[in-house]
Amino acid sequence: MIILALPTYVVRKGLESIFRELCTQKKIHSTANIQELNQYIKDSETRLVYAHSSFIPDLQTNYHRKDSCKIVRVIDEKPKELLEEAFQSDILYLNDDEQSIIKNIKRNIALTEKANEGSSEESELSEREKDIVREIALGKTNKEIADNLFISAHTVITHRKNITKKLGIKTVSGLTIYAILNKLIQMEET
Amino acid sequence: MFITRNMKMADAIHHNHLLLPVINRLGIQLGFGDLSIEQLCDEKGIDIDFFLMIVNAFLDHDINKTMKLDNVSVEQVVVYLKATHQYYLERMIPEVENRINALIQHSDIDQKQFLLVKNFFEEYKHEFYAHLKHEEQSIYPYVLEVNQANKIGKLEEDLLQKIQNEPIDSYAEEHTDIESKLFDLKNILIKYLPESKDSYLRNQVLNALFKLENDLNDHSRIENMVLVPMISVMENELLKSC
Ligand SMILES: [Fe+2]
Ligand SMILES: [Fe+2]
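On a predicted model such as this, the values are computed, not experimentally measured, just so you know. (Residues numbered from 1 in each chain as written. Chains lettered and ligands numbered in written order. Predicted model: local features only at pLDDT ≥ 70, side-chain atom pairs only at ≥ 80, totals over all residues. Heavy atoms only, no water.)

### Some points on the sheet that holds strand β5 (residues 91–93) of chain A
Residue and element names in this part refer to chain A.
- Taken together, five strands build an open sheet; the order of strands is β2-β1-β3-β4-β5 and the sheet is parallel. With one partner strand each, in any of the chains shown, β2 (28–31) and β5 form the two edges of the open sheet. Averaged over all pairs of adjacent strands, the angle between strand axes in this sheet comes to 20°, irrespective of strand direction.
- Here strand β3 (residues 48–52) runs beside strand β4 (residues 70–75); their pairing, made up of five bridges, is parallel. What sits directly across from Tyr-50, in β4, is Val-72.
- Contacts from helix α1 (residues 9–22) reach β1 (2–5), β2, β3 and β5 within the one sheet, and its direction differs from that of β2 by about 170°. (Pairing = 2+ DSSP bridges. Helix = DSSP H or I, 4+ residues; strand = E, 2+ residues; numbered from the N terminus. Axes fitted to C-alpha atoms, helices over the stretch in contact; angles between N-to-C directions. Contact = heavy atoms within 4.5 Å.)

### A few points about α1(A)
Residues and elements named next belong to chain A.
- When the terminal C-alpha atoms of α1 are compared, their 20 Å separation across 14 residues agrees well with the 20 Å that a helix rising 1.5 Å per residue should span.
- Those residues of α1 that fall on the buried side of the exposure criterion are Arg-12, Leu-15, Glu-16 and Phe-19. With its buried residues spanning 105° around the axis, α1 presents them on a single face. Exposed side chains of α1 directed beyond 90 degrees from the buried face belong to Val-10 and Glu-21. (Expected span 1.5 Å × (residues − 1). Buried < 20%, exposed > 50% of the residue type's maximum accessible area, 1.4 Å probe, protein only. Arc of directions from axis to C-beta.)

### Focus: the packing of helix α3 (residues 37–44) of chain B against helix α4 (residues 48–59) of chain B
Residues and elements named next belong to chain B.
- It is the contact of α3 with α4, at a shortest axis distance of 10 Å, that shows an interaxial angle of 125°. Between α3 and α4, the crossing angle belongs to the class labelled oblique. In the crossing of α3 with α4, the sense of the turn from one axis to the other is right-handed. Contacts between α3 and α4 involve Ile-37, Glu-38 and Cys-41 from the former and Ile-48, Phe-51 and Leu-52 from the latter. (Parallel < 35°, antiparallel > 145°, perpendicular 65-115°, else oblique. Left-handed = near helix turned anticlockwise from the far one by under 90°.)

### A word on the domain arrangement of chain B
Residue and element names in this part refer to chain B.
- Domain annotation for chain B reports domain 1 (9–69) and domain 2 (73–240).
- Each of domain 1 and domain 2 has a C-alpha centre, and the two are 21 Å apart.
- Every contact between the two is made by 15 residues of domain 1 and, on the other side, 17 residues of domain 2.
- Taking both partners together, domain 1 and domain 2 bury about 1500 Å²; carbon and sulfur atoms supply 66% of that area.
- Where domain 1 touches domain 2, the interface holds one salt bridge.
- Two residues, Arg-25 and Asp-215, come together in a salt bridge whose shortest N-O distance is 3.0 Å.
- Summed over the shared surface of domain 1 and domain 2, the number is three residue pairs in polar contact (both at pLDDT 80 or more).
- Of all the elements, α4 adds the most residues to the side of domain 1 that touches domain 2, at four residues.
- Partitioned by chemical class, the residues of the side of domain 1 that touches domain 2 number 11 nonpolar, two polar and two charged. (Domains from an automatic or database assignment. Buried area = accessible area lost by both parts, 1.4 Å probe. Salt bridge = Lys/Arg side-chain N within 4 Å of Asp/Glu carboxyl O. Polar contact = N/O pair within 3.5 Å; in protein donor to acceptor, adjacent residues only side chain to side chain. Nonpolar A, V, L, I, M, F, W, Y, C, P; charged D, E, K, R; others polar.)

Structure, rendered in structure tokens:
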């Protein structure tokens with residue numbers, strides 16, 4: 001989830017539409033309200049926040065969150081002496097040129113997407129993961145799989161999570177069909 | 001966009017046609033001419049506030065924004081949820097099934113592979129029926145009972161026991177996710193069945209699945225985010241009063 005918190009209506013809506021153009025993620029919320037913003041920051045689904053500098057003093061970021069949530073400061077004007085400064089992804093200057101703004105947003109979106117899906121590029125199963133799919137398709141429990149493959153039950157669970165991420169298949173029956181279609185097991189074995 | 005009382009019903013449908021089954025379940029059938037939502041609800045004796053809440057919850061997924069739980073009637077929610085179940089059983093599930101059958105009959109791919117899909121859906125159907133049955137036979141009656149007791153402010157002994165042993169939160173925790181399998185089925189059709197010469201019939205199955213999934217998501221959200229919190233509050237009040 002991406003949150004855009006800015007007091008000015010036109011700016012908020014403008015930034016929101018740029019985000020919608022640049023990213024496929026559906027969950028983009030915009031707000032002009034600091035309480036609402038703090039509520040969103042607590043939510044573990046929130047991965048990226050663009051907060052206007054006027055909100056920063058009241059921002060509550062000091063509670064415990066396991067996963068990261070990046071906060072980008074939005075500043076109205078880029079100070080003149082900084083004009084030549086190197087690119088910074090955690091500050092967005094509203095009066096910056098189109099290219100720099102797009103670059104900033106793209107960079108940060110890419111960061112959140114990585115954090116979201118792990119390696120979303122990779123979808124090929126590893127040999128070990130194929131072994132696990134085979135076992136799942138044969139109806140084995142996590143414990144049995146762990147014993148058969150000489151790994152810990154915890155490792156089995158981690159593998160299963162990665163498999164689901166890679167294939168987009170969550171259920172045992174779904175994985176069974178995948179295993180058959182990809183000849184990891186024979187139809188007669190099920 | 002929010003749907004408002006002065007809007008023409010036809011415009012709401014043009015805005016998002018997935019609302020069609022939703023308004024049907026709320027008691028409005030096609031052929032309403034140029035009437036506004038308010039006029040139409042008046043004519044049919046439908047509670048307009050409830051109508052707007054359900055429709056907007058369907059469009060804007062953030063229920064907390066679109067619903068004010070204080071003045072929602074539990075009876076109305078249950079009637080709507082039941083009508084939705086009915087619609088799944090009579091329309092949407094058979095629609096998916098028919099399309100899977102058509103796919104199998106006309107496919108140029110190995111029959112066996114498509115039979116996997118058919119069996120998968122068959123299995124899903126059984127889980128789906130069981131889910132609905134459990135809700136209609138246990139959960140909804142319990143919900144209505146709590147609501148009634150809360151209204152008259154009187155808590156019978158056996159209801160007290162039910163609240164203590166199986167509060168609505170225990171249903172919420174176990175409320176099985178019936179969308180996962182649909183999600184898998186979609187990916188199998190999109191990604192993993194072998195390529196066919198023509199995808200039309202496969203598209204047809206997918207369209208029906210996407211539609212069912214979308215509707216089901218809305219239904220589960222109403223169960224989890226409207227029904228459960230409302231009943232949970234009532235349970236606490238009843239427990240306090242005795
Ligand atoms: Fe239900
Ligand atoms: Fe349900």
